[in-house]
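Residue-level listing of the chains:
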Amino acid sequence: MQSNQQVVVTGFGALTPVGNDRESTWQALLAGKSGVAPITRFNASGMPTSIAGEVTGFDPADLLDRKRQRRSARFSQLAIAAAREAVADAGLTIGQEDGGAPAGRVGVVVNNAVAGMDGVENAVDTMHMDPRKVNPYFVSSVIPNMPACEVAIDLGVRGPVTASALACASGVYALLEARRLILSGEADVVIAGGTDSAITPVMFSGLSNMGALSRRNDDPAHASRPFDADRDGFVFGEGAVVCVMESAEHARARGARPYAEVAGGALTSDAFHVSAPDPSGEGAMEAMRLALRASDTDAGDIDYICAHGTSTRINDLTETRAIRGVYGSHAYDLTVSSPKSMVGHLIGAAGSLSAMVCALAIRDGVVPPTINLDTPGEECDLDYVPHTARQSEVRAAAVNAFGFGGQNCVAVLRAV
């Protein structure tokens, strides 16, 4: 979709393995701090992988009364906290036309990848003990649309509310869907982002049996190693990152300060395999090309790519090939980095975290590093900003996100 109207981001909220708000997360990423540690959410002793990127220090009782805690799953609770911060950061008052937005003109797009998996596993355990004790709110708490609906309920939003599941591309797609709602005139403001919290025994058993997870249990801080020759799989994580998006005209009218413009993006499919990317990178390349076209951005204008960079051999190699294929010689002038090296893979929230990273890189003129990158792997020959953050003017940035099933989603953010 192309339009002369700009859609901008005016607020962010975040809960991640390295911080429970936007700025603490950003400063930790710039410092190269790892949030990967031994699992505390369940007893992982004896499992092939016993490390993860957990959100720590978060107590839903600080936000919600006991009844609301009981009827909501953790992925919704994280989304509510992030959404509240984003709305406060944007200085947005919902329900007021003067200096805010009428509730009916505000929408919510909060996506996730695996729904309330922790609630499902807990309910199954309870059922085996006594079916009468299964939480009556179990079904409504774990379905995929519930974080978006819970955010809408919490904030009193009455505009369009939706959720999509695109595996690990879900968080980026939320921004593109929010942009579409604004450009189509269905909403003036959209609260958008991603959330997931699925650090559970069954999830880890399945991914471990697939061979997808790092087994560097004795050295968790160095387990996530995007683009490094010694990478052995990704680190599973949890979190929520939510932003406030609105038309530039609406933002100006209420005196809001934009972080960046969401200039456009694209979605393609590999149509190749349920869990592996097409090694040719054709689907990823097409998403990058279409995103540049949709945002009316030349490849040479992109300064920074926040990579999907999972720390799996096939993803890192395929993504590097795709970047070279689209950007040509300019690929070697770009800075490219992966926050997953520090927080692990936040699944449904991964792409929205990357979008926040791009917006804050534009704001501050600094690019976060890819930590644990000691020796670049085969064909991984780009500037991945190893170990240390770098001062660098960023006028335009791209977010890459690729998910199981061959979902490729790319967004372009620009300085306003």
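Here's what I pulled together on the structure shown here.

What counts, and where the lines are drawn
All residue numbers refer to position in the chain's written sequence, counted from 1. Residue-level local features of this predicted model are given only where pLDDT is at least 70; pairs of side-chain atoms are given and counted only at 80 or more, and the full residue set underlies all totals for whole chains, interfaces and linings. The basis for every side-chain value is the complete set of non-hydrogen atoms in the structure, without hydrogens or water. Counting from the N terminus, the helices are DSSP H or I runs at least four residues long and the strands are E runs at least two residues long. As a reference, a globule follows 2.2 Å times the number of residues to the power 0.38, and the radius of gyration itself is taken over C-alpha atoms. For every residue, the accessible area (1.4 Å probe, protein chains only) is compared with the maximum for its type, and the residue is labelled buried under 20%, exposed over 50%, or partly exposed between those bounds. Only C-alpha atoms enter the line fits that serve as axes; for helices the fit covers just the stretch in contact. Angles between N-to-C directions range over 0 to 180 degrees. Throughout this description, any angle smaller than 35 degrees is read as roughly parallel, any larger than 145 degrees as roughly antiparallel, any in the 65 to 115 degree range as roughly perpendicular, and the remainder as oblique. Note: crossing handedness is left-handed where the near helix turns anticlockwise from the far helix by less than a right angle, and right-handed where it turns clockwise. Working rule for contacts: check all heavy atoms of both residues, and any pair within 4.5 Å makes them a contact. Classes in brief: Ala, Val, Leu, Ile, Met, Phe, Trp, Tyr, Cys and Pro nonpolar; Asp, Glu, Lys and Arg charged; the others, Gly included, polar. Take the residue count of a helix, subtract one, and multiply by 1.5 Å to get its expected span. Only strands joined by at least two bridges in the DSSP assignment are considered to pair. What we call a nonpolar core is a set of buried Ala, Val, Leu, Ile, Met, Phe, Trp, Tyr and Cys residues that are connected through their side-chain atoms within 4.5 Å. Exposure above 30% relative accessible area and the absence of a salt bridge qualify a residue for a patch, where like charges join within 9 Å and nonpolar side chains (Val, Leu, Ile, Met, Phe, Trp, Tyr) within 5 Å. In short, Shrake-Rupley with a 1.4 Å probe defines the accessible areas, and a residue's cover is counted only from the protein chains shown. Salt bridges are defined as contacts in which a side-chain nitrogen from Lys or Arg sits within 4 Å of a carboxyl oxygen from Asp or Glu.

1. Some words on the overall build of the protein
Okay, step 1: In terms of regular secondary structure, the protein is built from 13 helices and 14 strands.
Okay, step 2: Its C-alpha atoms give the protein a radius of gyration of 20 Å, within 12% of the compact-globule value 22 Å for 416 residues.
Okay, step 3: Overall, the C-alpha framework of the protein stretches about 65 × 60 × 40 Å when taken along its three principal axes.
Okay, step 4: For the protein, the residues scored as buried account for 61% of the 416 residues in total.

2. Description of helix α6 (residues 146–155)
Okay, step 1: Burial of α6 is extensive: 8 of the 10 residues sit out of reach of the surface.
Okay, step 2: Of the positions making up α6, those classed as buried are M146, P147, A148, E150, V151, A152, D154 and L155.
Okay, step 3: Once α6 finishes, G156 follows within two positions and takes phi at roughly 75 degrees, a positive value.

3. Describing the packing of helix α3 (residues 74–90) against α6
Okay, step 1: Look at α3 against α6: their axes get within 9 Å of each other, and the N-to-C directions meet at 45 degrees. What the angle tells us is that α3 and α6 run oblique. At the point where α3 passes α6, the crossing takes the right-handed sense. Contact with α3, carried on its side by F75, S76, A79, I80, A83, R84 and V87, involves M146, P147, E150, V151, D154 and L155 of α6 and no other residues of that element.
Okay, step 2: In terms of residue class, the contact of α3 with α6 is made up of 9 nonpolar, 1 polar and 3 charged.

4. Describing the environment of R395
Okay, step 1: When you line up the elements, R395 lands in the loop between β12 (390–391) and β13 (396–403).
Okay, step 2: R395 sits 94 residues away from D301 along the chain, and the two C-alpha atoms are 7.8 Å apart.
Okay, step 3: Not counting residues up to four positions away in its chain, the partners in contact with R395 are D303, I362, L413, R414 and A415.

5. Looking at helix α7 (residues 170–183)
Okay, step 1: Helix length check: α7, at 14 residues, gives a terminal C-alpha distance of 20 Å against a target of 20 Å (1.5 Å per residue), a fit within 8%.
Okay, step 2: Residue G185 follows α7 closely and has a positive phi angle near 85 degrees.

6. A short note on the pairing of strand β14 (residues 407–414)
Okay, step 1: The buried fraction of β14 amounts to 6 of the 8 residues, a majority that puts the element mostly inside the structure.
Okay, step 2: Here strand β8 (residues 260–269) pairs with β14 via 8 bridges, running antiparallel. Residue pairing in the sheet places S269 in a bridge with Q407 of β14.
Okay, step 3: Where β13 meets β14, 8 bridges bridge the pair, whose relative direction is antiparallel. If you follow A401 over to β14, its bridge partner there is C409.
Okay, step 4: Between β13 and β14, which follow one another and run antiparallel, lie 3 residues, and G405 among them has a positive phi close to 90 degrees.

7. Remarks on unusual backbone geometry
Okay, step 1: Of note, the phi angle at A167 is positive, near 50 degrees, even though the residue is not glycine.
Okay, step 2: In this structure A167 comes out as buried when scored by relative accessible area, which is 19%.
Okay, step 3: Its identity as a non-glycine residue notwithstanding, F227 has a phi of 70 degrees, on the positive side.
Okay, step 4: Here F227 lies in the loop between α8 (201–210) and β7 (239–247).

8. Notes on the nonpolar core
Okay, step 1: Among the nonpolar cores identified, the biggest contains 58 residues, and V190, M245, Y304, L353 and L413 are the most heavily contacted of them.
Okay, step 2: With 10 residues, helix α13 (residues 350–364) is the largest single contributor of residues to this core.
Okay, step 3: For L413, the contacting residues outside a window of four places in its chain are A260, E261, V262, A355, C358, A359, I362, R395, A396, A397 and V399.
Okay, step 4: The next biggest cluster of nonpolar side chains, apart from the first, holds 30 residues, and it includes V55, A86, A148 and V244.

9. What to know about a nonpolar patch on the surface
Okay, step 1: Together, V120, V124 and M127 make up a nonpolar patch on the protein surface, roughly 210 Å² of accessible area in all.
Okay, step 2: Structurally, V120 is set in helix α4 (residues 117–129).

10. Notes on the pattern of salt bridges
Okay, step 1: Per the stated rule, a full pass over the model turns up 27 salt bridges.
Okay, step 2: Its salt-bridge partner being E23, residue R363 comes within 2.9 Å of it at the nearest N-O pair. One end of the pair, R363, is in helix α13; the other, E23, is in helix α1 (residues 22–30), and 340 residues separate them in sequence.
Okay, step 3: Judged by relative accessible area, R363 falls into the partly exposed class, the value being 34%.
Okay, step 4: D316 is the salt-bridge partner of R231, the closest N and O atoms lying 3.2 Å from each other. One end of the pair, R231, is in the loop between α8 and β7; the other, D316, is in helix α11 (residues 313–327), with 85 residues separating them in the sequence.
Okay, step 5: Residue D316 is classed as buried on the basis of its relative accessible area of 0%.

On their own, these measurements won't tell you what the molecule is for.
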